[in-house]
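# Structure at a glance
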Amino acid sequence: METIYTIPLNEVFDADDGGCPFCSLDAKLEANTLEYVLGAAMMEPDVRQSLNKSGFCAGHLEKLFGMKNKLALSLILETRSLSLIENIELLAEKDCFICKRIRTERSRYMSNALHMWEKTPAFRVKFENNRSMCTAHASDLLKTAKVKLRKKDYITFKATIATAFAERLKNQAQNSRTFADSFDYRNSGEKINGNFMKKAGDLI
Ligand SMILES: [Zn+2]
Ligand SMILES: [Zn+2]
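Residues numbered from 1 in each chain as written. Chains lettered and ligands numbered in written order. Predicted model: local features only at pLDDT ≥ 70, side-chain atom pairs only at ≥ 80, totals over all residues. Heavy atoms only, no water.

### Looking at the overall build of the protein
Condition: What counts as a helix is a DSSP run of H or I of at least four residues, what counts as a strand is a run of E of at least two, and both are numbered from the N terminus. The size measure is the radius of gyration over C-alpha atoms, and the globule rule it meets is 2.2 Å times the number of residues to the 0.38 power.
A count of helical and extended segments in the protein gives 10 helices and 0 strands. Its helices and strands in sequence order give the protein the pattern α-α-α-α-α-α-α-α-α-α, from N to C terminus. Here the C-alpha atoms of the protein give a radius of gyration of 26 Å, more than 25% beyond the 17 Å that 2.2 N^0.38 yields for 204 residues. Principal axes of the C-alpha set define a box for the protein whose edges measure 85 × 50 × 30 Å.

Take a look at the structure:
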C-alpha cells in the first residue's frame, strides 16, 4: 500500500463535510490535473504528445480556458490542431487527457481504499460510519471490490455499503411513493368524483 494514497483517503474520510469522500478526491484530482496540464506537462515531450493525441472534453476545455496560463493553453491547442491536420484519424482516439488521468488515479484510490478497509481497523470504522458516499462512487467501489476482495470479504463489504445507503434509499422510496400516491384516483378521486357528481347533478 502506498502512503501517497493513504493520507488523502484518510483526509477525505475525516473531513465529515456531508459530501461524498470520493467526490472530494475527484475534485482534488481534477484541480491538480488542470494545473499540471498548463504547468509541468508543458516540459514533458511525451505528455505533450499524448495531449496532442487525446484532446479534451468540452467541460475540461472550458475549465482550462478559465485558468491563468493562457499561453500554455494556446500552445497545446496549436499543436493539437496541427496534429489533427496531419492525421484526422486521431479524432477517433479522442479521450480527454484530464478525464483519463482522473479515471486512472481514481481507480488506484478505490483499490487502496479497499485495501485499507481490509487491513486498517481505524479506516474501516471511518468507512463504516460514512453515510454520504454517492451512488456513482459506490458503484465503482462495488465493481472493484468484486474483483479484488475474497468472496467472504466481498459479502461483508457489500453489507457495509447496503447499511450506508439503507436510510437514504428508504427515504427516497417513501418520498417517491408519496408523490406517486398523489396521482392515484383513490386519493384525488374524492375531488374528481365530487366534481363529476356535481356536473352530473347539473345535467339532471
Ligand atoms: Zn462521489
Ligand atoms: Zn474531460
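Anyway, onward from the coordinates.
### Description of the domain arrangement of the protein
Spelled out, the test is: Throughout the structure description, domain borders are defined by an automatic or database domain assignment.
When cut into domains, the protein gives domain 1 (3-149) and domain 2 (171-203). Relative placement of domain 1 and domain 2: their C-alpha centres are 49 Å apart.

### Notes on the coordination of the zinc ion (ligand 1)
The condition that has to hold: The donor set covers N, O and S atoms within 2.8 Å of the metal, switching to 3.2 Å for Na, K and Ca, and it leaves out water, so a site may look short of donors. Labels for metal geometry use angle windows, namely 85 to 135 degrees for all angles of a four-donor tetrahedral site, and for square planar (four donors) or octahedral (six donors) sites opposite donors over 155 degrees apart plus all others within 65 to 115; sites meeting none of these are irregular.
Within the first shell, the zinc ion (ligand 1) binds the protein through C20 (SG), C23 (SG), C134 (SG) and H137 (ND1), at distances of 2.0 to 2.4 Å. Angles of 102 to 112° at the metal separate the 4 donor atoms of the zinc ion (ligand 1), which places the site in the tetrahedral class. Spacing between the donor residues of the zinc ion (ligand 1) along the chain follows C-x2-C-x110-C-x2-H. Of the two residues, C23 sits in helix α2 (residues 21-38) while C134 sits in the loop between α7 (121-129) and α8 (135-148), which places them 111 residues apart along the sequence.

### Brief notes about the side chain of T144
The following threshold applies: Any two residues whose heavy atoms approach within 4.5 Å at even a single point are treated as in contact.
As for its placement among the helices and strands, T144 is situated in helix α8. Setting aside residues no more than four positions away along its own chain, T144 makes contact with M110, S111 and L114.

### Comments concerning the environment of A122
So the rule is basically this: Per-residue accessibility, obtained with a 1.4 Å probe over protein chains only, is compared with the maximum for each type, and a residue is labelled buried under 20%, exposed over 50%, and partly exposed between these values.
Secondary-structure assignment places A122 in helix α7. What makes A122 exposed here is its relative accessible area of 52%.

### A few points about the confidence of the model for the protein
Low pLDDT marks regions whose predicted coordinates should not be analysed in detail. We apply this condition: Per-residue confidence from the predictor is reported as pLDDT, which spans 0 to 100.
For the protein, per-residue confidence averages 88 on the pLDDT scale, and residues scoring 70 or more make up 90% of the total. Note on residues 191-204: pLDDT is under 50 here. Beyond four places in sequence and across chains, it has 1 contact.

### Some words on the packing of helix α6 (residues 97-119) against α7
Put simply, the rule is: Only C-alpha atoms enter the line fits that serve as axes; for helices the fit covers just the stretch in contact. Angles between N-to-C directions range over 0 to 180 degrees. To sort the angles, those under 35 degrees are grouped as roughly parallel, those over 145 as roughly antiparallel, those from 65 to 115 as roughly perpendicular, and the leftovers as oblique. In this scheme the crossing of two helices becomes right-handed for a clockwise turn of the near helix relative to the far one and left-handed for an anticlockwise turn of less than a right angle. When residue character is reported, Ala, Val, Leu, Ile, Met, Phe, Trp, Tyr, Cys and Pro are called nonpolar, Asp, Glu, Lys and Arg charged, and the others, Gly included, polar.
Viewed as axis vectors pointing N to C, α6 and α7 meet at an angle of 110°, and their least axial separation amounts to 6 Å. As the angle between them shows, α6 and α7 are arranged roughly perpendicular. Where α6 crosses over α7, the handedness of that crossing is left-handed. Every residue of α7 that contacts α6 at A113, M116, W117, E118 and K119 is listed here: P121, F123, R124 and F127. Here the residues of the contact of α6 with α7 sort into 6 nonpolar, no polar and 3 charged.

### Concerning the packing of aromatic side chains
Note on aromatic pairs: each is described by the distance of the centres and the angle between the planes. Using the following cut-off: Paired rings are identified among Phe, Tyr and Trp, the last through its six-membered ring, by centres lying within 6.5 Å, and are further divided according to the angle between planes into stacked (under 30 degrees), edge-to-face (over 60) and tilted (the rest).
Going through the model one piece at a time under the given rule, you end up with 8 aromatic pairs. Considering the side-chain rings of F13 and F22, the 5.8 Å spacing of their centres and the 80° angle between planes classify their relative orientation as edge-to-face. Judged by centre distance (5.1 Å) and plane angle (85°), the rings of W117 and F157 are edge-to-face. Of the two residues, W117 is situated in helix α6 and F157 in helix α9 (residues 151-181); the sequence distance between them amounts to 40 residues. Assigned by exposure class, W117 and F157 land together as buried. Ring pairing ties together the aromatic residues F13, F22, W117, F123, F127 and F157, which thus form one cluster.

### Some words on the coordination of the zinc ion (ligand 2)
Around the zinc ion (ligand 2), the protein contributes the donor atoms C57 (SG), H60 (ND1), C96 (SG) and C99 (SG), which lie 2.0 to 2.4 Å from the metal centre. Classification of the site at the zinc ion (ligand 2) as tetrahedral follows from its 4 donor atoms and the range of 102 to 116° in their angles at the metal. Donor residues binding the zinc ion (ligand 2) come from one chain and are separated in sequence as C-x2-H-x35-C-x2-C.

### Here's the deal with the packing of helix α1 (residues 3-15) against α7
Contact geometry for α1 and α7: axes closest at 10 Å, N-to-C directions at 40°. By the angle between their directions, the pair α1 and α7 is classed as oblique. Once α1 is placed against α7, the crossing between them reads as left-handed. Residue-level contacts link L9, N10, F13 and D14 of α1 to F123, K126 and F127 of α7.

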